[in-house]
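Chain and residue survey
Chain by chain, the residues run as shown.
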Amino acid sequence: MANNKRELFLKRRLRVRNRIKAMANGRLRLSVHRSNKNISAQLIDDVNGVTVAAASTLEKDLGFVGKNNIEAATRVGAAIAERAKKAGIEECYFDRGGFLFHGKVKALAEAAREGGLKF
(Lines give C-alpha, C1' and ligand atoms only; values in the text may rest on other atoms or scores of the structure.)
Protein backbone atom coordinates (compact mmCIF):
# COMPACT_ATOMS: atom_id res chain seq x y z
CA MET A 1 0.00 0.00 0.00
CA ALA A 2 1.30 3.42 -0.93
CA ASN A 3 1.70 5.40 2.21
CA ASN A 4 4.26 8.09 1.51
CA LYS A 5 3.73 11.28 -0.48
CA ARG A 6 5.90 10.29 -3.46
CA GLU A 7 4.13 6.96 -4.01
CA LEU A 8 0.71 8.62 -3.74
CA PHE A 9 1.82 11.28 -6.24
CA LEU A 10 3.00 8.65 -8.73
CA LYS A 11 -0.24 6.67 -8.42
CA ARG A 12 -2.28 9.83 -9.00
CA ARG A 13 -0.15 10.75 -12.04
CA LEU A 14 -0.59 7.32 -13.63
CA ARG A 15 -4.35 7.42 -13.02
CA VAL A 16 -4.66 10.85 -14.67
CA ARG A 17 -2.43 9.93 -17.64
CA ASN A 18 -4.28 6.68 -18.31
CA ARG A 19 -7.62 8.49 -18.40
CA ILE A 20 -6.22 11.08 -20.80
CA LYS A 21 -4.69 8.46 -23.10
CA ALA A 22 -8.00 6.60 -23.26
CA MET A 23 -9.85 9.72 -24.44
CA ALA A 24 -7.09 11.43 -26.46
CA ASN A 25 -8.18 10.76 -30.08
CA GLY A 26 -5.15 12.64 -31.39
CA ARG A 27 -5.73 15.78 -29.30
CA LEU A 28 -2.77 17.52 -27.73
CA ARG A 29 -2.02 17.35 -24.03
CA LEU A 30 -1.44 20.44 -21.86
CA SER A 31 0.99 19.12 -19.28
CA VAL A 32 1.71 21.08 -16.09
CA HIS A 33 4.72 20.72 -13.83
CA ARG A 34 5.06 22.53 -10.54
CA SER A 35 8.18 22.60 -8.40
CA ASN A 36 8.96 24.55 -5.26
CA LYS A 37 10.47 27.43 -7.23
CA ASN A 38 8.88 27.35 -10.70
CA ILE A 39 5.84 26.30 -12.69
CA SER A 40 5.78 25.29 -16.34
CA ALA A 41 3.29 24.13 -18.94
CA GLN A 42 3.74 22.56 -22.34
CA LEU A 43 1.50 21.40 -25.18
CA ILE A 44 2.60 17.93 -26.22
CA ASP A 45 1.66 15.99 -29.34
CA ASP A 46 1.86 12.41 -28.08
CA VAL A 47 1.34 10.89 -31.53
CA ASN A 48 4.51 12.49 -32.93
CA GLY A 49 6.31 12.88 -29.60
CA VAL A 50 6.81 16.63 -30.06
CA THR A 51 6.36 19.63 -27.80
CA VAL A 52 4.37 22.20 -29.79
CA ALA A 53 4.45 25.11 -27.32
CA ALA A 54 5.80 25.74 -23.84
CA ALA A 55 5.81 28.44 -21.17
CA SER A 56 7.56 28.62 -17.83
CA THR A 57 8.47 31.00 -15.04
CA LEU A 58 12.10 30.35 -16.03
CA GLU A 59 11.58 32.69 -19.00
CA LYS A 60 12.83 36.18 -18.26
CA ASP A 61 10.24 37.93 -20.44
CA LEU A 62 7.41 36.72 -18.16
CA GLY A 63 9.08 38.50 -15.24
CA PHE A 64 8.63 35.77 -12.63
CA VAL A 65 11.98 33.96 -12.63
CA GLY A 66 12.24 31.75 -9.58
CA LYS A 67 8.70 32.48 -8.41
CA ASN A 68 5.98 29.94 -7.89
CA ASN A 69 2.82 31.74 -6.82
CA ILE A 70 -0.70 32.12 -8.16
CA GLU A 71 0.15 35.32 -10.05
CA ALA A 72 3.06 33.59 -11.82
CA ALA A 73 0.86 30.58 -12.65
CA THR A 74 -1.76 32.91 -14.14
CA ARG A 75 0.87 34.57 -16.33
CA VAL A 76 2.18 31.18 -17.51
CA GLY A 77 -1.37 30.04 -18.35
CA ALA A 78 -1.99 33.18 -20.42
CA ALA A 79 1.35 32.74 -22.20
CA ILE A 80 0.68 29.09 -23.11
CA ALA A 81 -2.76 30.01 -24.45
CA GLU A 82 -1.27 32.76 -26.59
CA ARG A 83 1.43 30.46 -27.97
CA ALA A 84 -1.16 27.76 -28.67
CA LYS A 85 -3.20 30.24 -30.70
CA LYS A 86 -0.10 31.12 -32.74
CA ALA A 87 0.42 27.42 -33.41
CA GLY A 88 -3.24 27.05 -34.47
CA ILE A 89 -4.36 24.96 -31.51
CA GLU A 90 -7.75 25.49 -29.90
CA GLU A 91 -8.50 22.21 -28.09
CA CYS A 92 -6.41 20.03 -25.82
CA TYR A 93 -6.59 17.86 -22.73
CA PHE A 94 -5.42 19.18 -19.37
CA ASP A 95 -2.84 16.92 -17.75
CA ARG A 96 -2.34 17.98 -14.15
CA GLY A 97 0.02 15.07 -13.57
CA GLY A 98 -0.06 14.05 -9.94
CA PHE A 99 -0.79 17.57 -8.73
CA LEU A 100 -4.15 18.39 -7.20
CA PHE A 101 -6.40 20.71 -9.21
CA HIS A 102 -6.16 23.45 -6.62
CA GLY A 103 -4.28 26.71 -6.12
CA LYS A 104 -1.52 27.29 -8.67
CA VAL A 105 -2.52 24.48 -11.03
CA LYS A 106 -6.11 25.71 -11.04
CA ALA A 107 -4.99 29.32 -11.65
CA LEU A 108 -2.91 28.19 -14.64
CA ALA A 109 -5.85 26.23 -16.08
CA GLU A 110 -8.30 29.11 -15.67
CA ALA A 111 -5.89 31.57 -17.31
CA ALA A 112 -5.39 29.19 -20.24
CA ARG A 113 -9.18 28.88 -20.64
CA GLU A 114 -9.58 32.66 -20.56
CA GLY A 115 -6.85 32.86 -23.21
CA GLY A 116 -8.92 30.72 -25.57
CA LEU A 117 -7.86 27.11 -24.98
CA LYS A 118 -10.69 24.61 -24.65
CA PHE A 119 -10.34 21.60 -22.37
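Here, the structure is the one placed above.
Residues numbered from 1 in each chain as written. Predicted model: local features only at pLDDT ≥ 70, side-chain atom pairs only at ≥ 80, totals over all residues. Heavy atoms only, no water.

Let's shift gears to the sheet that holds strand 3 (residues 50–56). Read across the sheet, four strands follow the order 3-2-1-4 without closing on themselves; strand pairing throughout is mixed. Since the sheet does not close on itself, it has two edges, and those belong to strand 3 and strand 4 (92–95), each with one partner. The average undirected angle you get between the axes of adjacent strands in this sheet is 20°. As defined by bridge partners, strand 2 (residues 39–45) adjoins strand 3 across six bridges and the pair is classed as antiparallel. (Pairing = 2+ DSSP bridges. Helix = DSSP H or I, 4+ residues; strand = E, 2+ residues; numbered from the N terminus. Axes fitted to C-alpha atoms, helices over the stretch in contact; angles between N-to-C directions.)

Taking 1.5 Å per residue as the helical rise, helix 1 (residues 5–23) with its 19 residues ought to reach 27 Å, and the 28 Å between its terminal C-alpha atoms agrees with that figure. Burial in helix 1 covers these residues: F9, V16 and I20. Buried residues in helix 1, looked at end-on, bunch into an arc of 40°, giving them a common side. Facing away from the buried side of helix 1, by more than 90 degrees, are the exposed residues L14, K21 and A22. In this structure, the buried residues of helix 1 make contact with strand 1 (28–34) and strand 4. (Expected span 1.5 Å × (residues − 1). Buried < 20%, exposed > 50% of the residue type's maximum accessible area, 1.4 Å probe, protein only. Arc of directions from axis to C-beta. Contact = heavy atoms within 4.5 Å.)

In this model helix 2 (residues 70–86) runs 25 Å from its N-terminal to its C-terminal C-alpha over 17 residues, within 8% of the 24 Å that 1.5 Å per residue would give. For helix 2, the secondary structure elements touched by its buried residues are strand 1, strand 2, strand 3 and helix 3 (104–114). Note on helix 2: the residue one or two positions beyond its end, G88, has a positive phi of about 85°.

Scanning the entire structure with this criterion turns up six salt bridges. With its nearest N and O atoms 2.5 Å apart, the salt bridge here joins D95 to R17. Here D95, found in strand 4, pairs with R17, found in helix 1; they are 78 residues apart in sequence, far enough to count as distant. Given the relative accessible area of 25%, R17 is considered partly exposed. For D95, the salt bridge goes to R29, with nearest N and O atoms at 2.9 Å. Of the two residues, D95 is situated in strand 4 and R29 in strand 1; the sequence distance between them amounts to 66 residues. An identical accessibility class is assigned to D95 and R29; each is buried. Linked through salt bridges whose partners overlap, the residues forming this network are R17, R29, D46 and D95. (Salt bridge = Lys/Arg side-chain N within 4 Å of Asp/Glu carboxyl O.)

Take the side chain of R29 next. Residue R29 is classed as buried on the basis of its relative accessible area of 12%. In this structure the side chain of R29 is engaged in a polar contact, spanning 2.9 Å, whose partner is the side chain of D46. One polar contact links R29 to D95, side chain to side chain, over a distance of 2.9 Å. Not counting the four nearest positions on each side in its chain, R29 is found in contact with R17, I20, Q42, L43, I44, D46, Y93 and D95. (Polar contact = N/O pair within 3.5 Å; in protein donor to acceptor, adjacent residues only side chain to side chain.)

The subject of this paragraph is the pairing of strand 1. Judged by how many residues are buried, strand 1 sits mostly within the fold: five of seven residues are covered. Note that strand 1 and strand 2 share six bridges and pair antiparallel. Bridge pairing links V32 to A41 in strand 2. Taking the residues between adjacent antiparallel strands as the criterion, strand 1 and strand 2 are bridged by four residues.

Fair warning: the whole summary comes from geometry, so function is off the table for now.
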